[in-house]
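# Commentary on secondary and tertiary structure
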Amino acid sequence: MAQAMETDTSALKSEHKADLPWLEKYRPSILKDIVGNVEAVARLQVIAEEGNMPNMILAGPPGTGKTTSILCLARQLLGTNYKEAVLELNASDDRGIDVVRNKIKMFAQKKVTLPPGRHKVVILDEADSMTSGAQQALRRTMEIYSSSTRFALACNQSTKIIEPIQSRCAVVRYTKISDVDILKRILVVCETEKVAYDEKGLEAIIFTADGDMRQSLNNLQATFSGFGFVNTDNVFRVCDQPHPKTVAEMVGYCIQGNIDEAYKRMKSLCDMGYSATDLITTLFRVTKNAECHEFVKLEFLREIGFCHMRICEGVDSRLQLSGLLAKMCKIMAA
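How each quantity is defined
- Residues numbered from 1 in each chain as written.
- Predicted model: local features only at pLDDT ≥ 70, side-chain atom pairs only at ≥ 80, totals over all residues.
- Heavy atoms only, no water.
- Salt bridge = Lys/Arg side-chain N within 4 Å of Asp/Glu carboxyl O.
- Helix = DSSP H or I, 4+ residues; strand = E, 2+ residues; numbered from the N terminus.
- Buried < 20%, exposed > 50% of the residue type's maximum accessible area, 1.4 Å probe, protein only.
- Expected span 1.5 Å × (residues − 1).
- Contact = heavy atoms within 4.5 Å.

As a further point, take the pattern of salt bridges. For the structure on display, the rule yields 13 salt bridges. Of the charged contacts in the structure, one is a salt bridge between D210 and R285, with a shortest N-O distance of 3.8 Å. With D210 in the loop between α10 (199-209) and α11 (213-227) and R285 in helix α15 (residues 276-288), the pair connects residues that are 75 residues apart, well separated along the chain. Between E261 and K264 there is a salt bridge, with its nearest N and O atoms 3.3 Å apart. Of the two residues, E261 and K264 both sit in helix α14 (residues 259-271), 3 residues apart, roughly one turn of that helix. On the basis of relative accessible area, K264 is assigned to the partly exposed category, the value being 49%. Residues participating in the shared-partner salt-bridge network are E249, E261, K264 and R265.

Right, dumping it as structure tokens:
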């Protein structure tokens with residue numbers, strides 16, 4: 001009877017794992033499995049081995065493995081005590097001054113039996129969205145309970161963390177994950193999940209991800225579950241980004257000085273419902289890799305930057321994009 005119940009439980013666990021999004025299903029559980037940011041992960045690996053964890057700020061773009069790194073580090077440091085010795089708060093939780101004074105303080109005061117040299121860990125995800133008052137209250141809590149508790153803050157911009165907290169923490173910088181590393185990981189997922197794909201389809205996944213591992217896995221799963229085959233057209237249909245091939249044609253006509261054909265391509269993308277922000281972002285990335293003289297490329301990027309600034313200020317009409325194409329053609333005529 002007990003054996004049958006055990007079999008049922010393991011079957012339920014495996015079924016539950018099969019239902020998980022690929023993002024969670026393939027999330028690393030130990031530091032050495034984390035993809036990219038080799039130097040940052042190596043620093044954390046040393047901390048995990050020696051056990052002397054400082055207060056830390058992990059800063060970098062989304063989807064680069066900051067939260068996963070902290071969770072892996074806490075798991076390796078605390079082992080079986082992980083559940084009772086870790087408090088994780090996300091941006092979705094209320095994290096005003098009251099949470100710091102009550103919830104975090106109560107956790108820091110809690111008695112937990114840990115191996116010598118180990119500490120409780122408070123993980124604050126998206127820490128740059130905490131209010132200034134909460135951050136001021138947090139710095140005092142970090143000082144008072146430094147003997148028993150360590151704080152790990154994950155954020156996109158470390159400049160939004162107040163300086164007194166920055167000075168109390170070791171800062172670990174994360175960068176976008178390289179295309180090679182993303183490709184390696186999605187090939188493993190494709191093989192495990194029996195995903196049908198072509199090479200151009202995987203290139204499109206990497207292009208849409210732009211160094212974000214989370215985005216690449218989500219896009220891969222969405223394309224495969226929606227169409228059953230990962231190719232360029234299916235990826236851009238699911239991700240709803242302007243097709244870089246059309247944008248590349250537009251840049252090509254600007255290099256030739258042909259404003260009419262360039263405008264036609266831009267108009268067709270606008271008529272499909274893409275916003276000026278969508279277009280300018282893809283235009284920047286395509287121009288960066290365009291085959292033309294380096295001086296021309298730099299001039300193009302400068303004009304795209306000015307146009308992006310005006311769009312961000314709210315002037316996002318088609319007129320701005322038309323003016324940009326005209327300036328790019330003018331550069332070639334000069």
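The next thing to look at is helix α9 (residues 179-193). Along its 15 residues, α9 runs 21 Å from first to last C-alpha, staying within 8% of the 21 Å computed at 1.5 Å per residue. In this fold, the buried residues of α9 make contact with α2 (22-25), α10 and α11. One or two steps after α9, the chain reaches K194, where phi turns positive at roughly 55°.

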